[in-house]
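Fold and contact review
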Amino acid sequence: MIINLFALVGTCLTLAMGFRALLESNFVLAMVLTSAALIFFAAHLAIRFSSSYHLPSRLVLYSLSLLMLYLIYSGGVDNTGPLWTYILPPVALFLGGLSLGLFNIVLFSVLCLFLLYFNGGHFILADYTDSYKLRFILSFFTVTFLSCCYEYSRKASYEHIQSLSDKFEQLAKTDPLTGLANRREMMEQINKEYARLSRNNSTLSLLLLDVDRFKTINDGFGHDVGDIVLQELANIFTQNIRVHDIVARWGGEEFLIMLPDTNTQQAIEVAEKLLNKVATHHFEIKHFRKQVTVSIGVAELHPLTTVTNAVAKADKYLYQAKQNGRNQVCYDAQ
Ligand SMILES: Nc1nc2c(ncn2[C@@H]2O[C@H](COP(=O)(O)OP(=O)(O)OP(=O)(O)O)[C@@H](O)[C@H]2O)c(=O)[nH]1
């Protein structure tokens, strides 16, 4: 948007100045300014009709640099041409960033010094005094230095905000105790996968796992021991599923596992495996030296069901597993 604004302001300004130069019968200056206006306008059109900003920003930067060199060369109106070059440092740094922008400014400065001092300054049309040239160069470098300082701090602030934003985004997706995906992130992933399976006409399965009699662990050994049990369970689940399966902390002591491209039969096998892994794991947390079991409800999600229905079904089978005596997998037996 800002590049577009630069291109439009550049078009209007150079067109107006070109018109003025025409009225004053300064045909060469009028032609140069009008050409620059056309290039700026072309950059504006390129931004509007293509999604790439790379070419338009280079077009604005290089045509602006050439225009400034011409203004130094010709002096513009009453030798005021060089005054416009102060536009260049902020524009170059904005469009090219700190390194490319600075490279362009250095290149421009070298060409500028060449124009002003080559052959004692007789190479150019304008007639500047030595003191004017020196002050122009010094003030141009000062503006460049200040623009670089500004760009540096702008970039540092931007990067800081970006890293904070990434961190908060990560925190918003993660359960702080186990480091697993949280419920919201899991729903997002299931919906994404559901859209994909609807296109491919495939299926995925959901495993809803709940720790059996978890309250007794909390009550008997403390909440902190309960927390560590949940962390260890999270590790067991993560280590025993495929890389593209996702495990989330669904609620207090409930976990949900999404198994893409998996039908009920394959999901039952995964569920049985997890059930055994948990049941044979030896927890050794402070005085807690016991086995833990989980109950699991399995549901398949295919294009003819909805995500809500599949989750409700997994919940129904989990409840059934609890009712049947816990430490077991329940599923749609049809
Ligand atoms: N330590 C700890 N406990 C939690 C956390 N979230 C939930 N809980 C506890 O989990 C327990 C769940 O208890 P219940 O819903 O009665 O279930 P249960 O004791 O596991 O019994 P069943 O599910 O019927 O086998 C409660 O005591 C909650 O306080 C947590 O983050 N950390």
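In what follows, the accompanying structure is described. (Residues numbered from 1 in each chain as written. Predicted model: local features only at pLDDT ≥ 70, side-chain atom pairs only at ≥ 80, totals over all residues. Heavy atoms only, no water.)

1. So, the packing of aromatic side chains
Per the counting criterion, the structure on display carries 13 aromatic pairs. When the ring of Y70 is compared with that of Y73, the centres are 6.3 Å apart and the planes differ by 40°; the resulting orientation is tilted. Here Y70 and its partner Y73 are both found in helix 3 (residues 54-74), 3 residues apart, which amounts to about one turn of the helix. Residue Y70 is classed as buried on the basis of its relative accessible area of 17%. Its relative accessible area of 27% is what places Y73 among the partly exposed residues. (Phe/Tyr/Trp six-rings, centres within 6.5 Å; stacked < 30°, edge-to-face > 60°. Helix = DSSP H or I, 4+ residues; strand = E, 2+ residues; numbered from the N terminus. Buried < 20%, exposed > 50% of the residue type's maximum accessible area, 1.4 Å probe, protein only.)

2. Looking at the site of the ligand
The full set close to the ligand counts 16 residues, and R213, F214, D227, R249 and R326 are the nearest of them. Contact between the ligand and V211: an oxygen atom at 3.1 Å from a main-chain N or O atom of the residue. H223 is positioned with one of its backbone polar atoms (N or O) 3.0 Å from a nitrogen atom of the ligand. Taking 660 Å² as the accessible area of the ligand by itself, protein coverage stands at 68%. Those elements giving two or more residues to the shell around the ligand turn out to be strand 1 (204-211), helix 7 (214-221) and helix 8 (223-239). Broken down by element, the residue count for the shell around the ligand peaks at 4 residues, all from helix 8. Of the residues belonging to the shell around the ligand, the class tally is 3 nonpolar, 4 polar and 9 charged. (Near = heavy atom within 4 Å. Polar contact = N/O pair within 3.5 Å; in protein donor to acceptor, adjacent residues only side chain to side chain. Areas by Shrake-Rupley, 256 points an atom, 1.4 Å probe, with all protein chains shown as cover. Nonpolar A, V, L, I, M, F, W, Y, C, P; charged D, E, K, R; others polar.)

3. Comments concerning the sheet that holds strand 5 (residues 329-330)
With respect to topology, 5 strands assemble into an open sheet ordered 2-3-1-4-5, the strand pairing being mixed. In this open sheet, the two edge strands, each paired with only one partner strand, are strand 2 (246-251) and strand 5. For strand 1 and strand 3 (residues 254-259), the ladder comprises 6 bridges, and the chain directions are antiparallel. The partner of L209 across the bridge, within strand 3, is F255. Against the sheet, helix 10 (residues 307-323) makes contact with strand 1, strand 2, strand 3, strand 4 (294-301) and strand 5, and its axis sits at roughly 150° relative to strand 4, the strand it touches most. (Pairing = 2+ DSSP bridges. Contact = heavy atoms within 4.5 Å. Axes fitted to C-alpha atoms, helices over the stretch in contact; angles between N-to-C directions.)

4. A short note on the pattern of salt bridges
Going through the model one piece at a time under the given rule, you end up with 13 salt bridges. A salt bridge links E169 to K173; the shortest N-O distance between them is 3.8 Å. Placement of both E169 and K173 in helix 5 (residues 130-173) is noted, with a separation of 4 residues, approximately one turn of the helix. For E169, a relative accessible area of 44% corresponds to the partly exposed category. Across the salt bridge formed by K286 and D224, the nearest N and O atoms sit 2.4 Å from each other. Here D224 lies in helix 8 and K286 lies in the loop between helix 9 (264-279) and strand 4, a separation of 62 residues in the sequence. On the accessibility criterion, K286 (54% relative accessible area) is exposed. For D224, a relative accessible area of 37% translates into the label partly exposed. (Salt bridge = Lys/Arg side-chain N within 4 Å of Asp/Glu carboxyl O.)

All we've got here are geometric facts, nothing functional implied.
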